[in-house]
Amino acid sequence: MARTIAQRELRNDNAKVIEAVTAGETFVVTRNGVPVAELRPVRPSRRTFISRDEVAALAAAAIRIDRHRFRRDLDRVIDQEL
């Protein structure tokens, strides 16, 4: 849940606010009581490389799906007239 902070407070306590954001908090910045911005942590970028060992481990741990049972389940819950 985001905390609300006035622009004036942000200006006066910016070091404390940045520390809080670094710790994972989100703030909605207001000017004259009107929300004008959101200050939140930046999400880490996605990895673009997965090692062969990681792929093998994921494949070994994968749940096996019976494709015929899966299709029957889908047919049972999806309106075929769409």
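As the structure is a prediction and not an experimental result, all values here were calculated from the model. (Residues numbered from 1 in each chain as written. Predicted model: local features only at pLDDT ≥ 70, side-chain atom pairs only at ≥ 80, totals over all residues. Heavy atoms only, no water.)

1. Description of the overall build of the chain
Moving on, step 1. Along the backbone of the chain there are four helices and three strands.
Moving on, step 2. In sequence order, the secondary structure elements of the chain are arranged as β-α-α-β-β-α-α.
Moving on, step 3. Computed over the C-alpha atoms, the radius of gyration of the chain is 24 Å, more than 25% above the 12 Å expected from 2.2 N^0.38 for a compact globule of 82 residues.
Moving on, step 4. Overall size of the chain, expressed as C-alpha extent along the three principal axes, is 65 × 45 × 15 Å.
Moving on, step 5. Each of the 82 residues in the chain was classed as buried or not, and the buried ones make up 11%.
Moving on, step 6. Once local pairs closer than 6 in sequence are excluded, the contacts in the chain between residues at least 24 apart make up 25%. (Helix = DSSP H or I, 4+ residues; strand = E, 2+ residues; numbered from the N terminus. Rg over C-alpha atoms; globule rule 2.2 N^0.38 Å. Buried < 20%, exposed > 50% of the residue type's maximum accessible area, 1.4 Å probe, protein only. Contact = heavy atoms within 4.5 Å.)

2. A few points about the pairing of strand β2 (residues 27-31)
Moving on, step 1. Of the strand pairs in this sheet, strand β1 (residues 3-6) and β2 are connected by four bridges, and their pairing is parallel. In the sheet register, I5 faces β2, and the bridge partner there is V29. (Pairing = 2+ DSSP bridges.)

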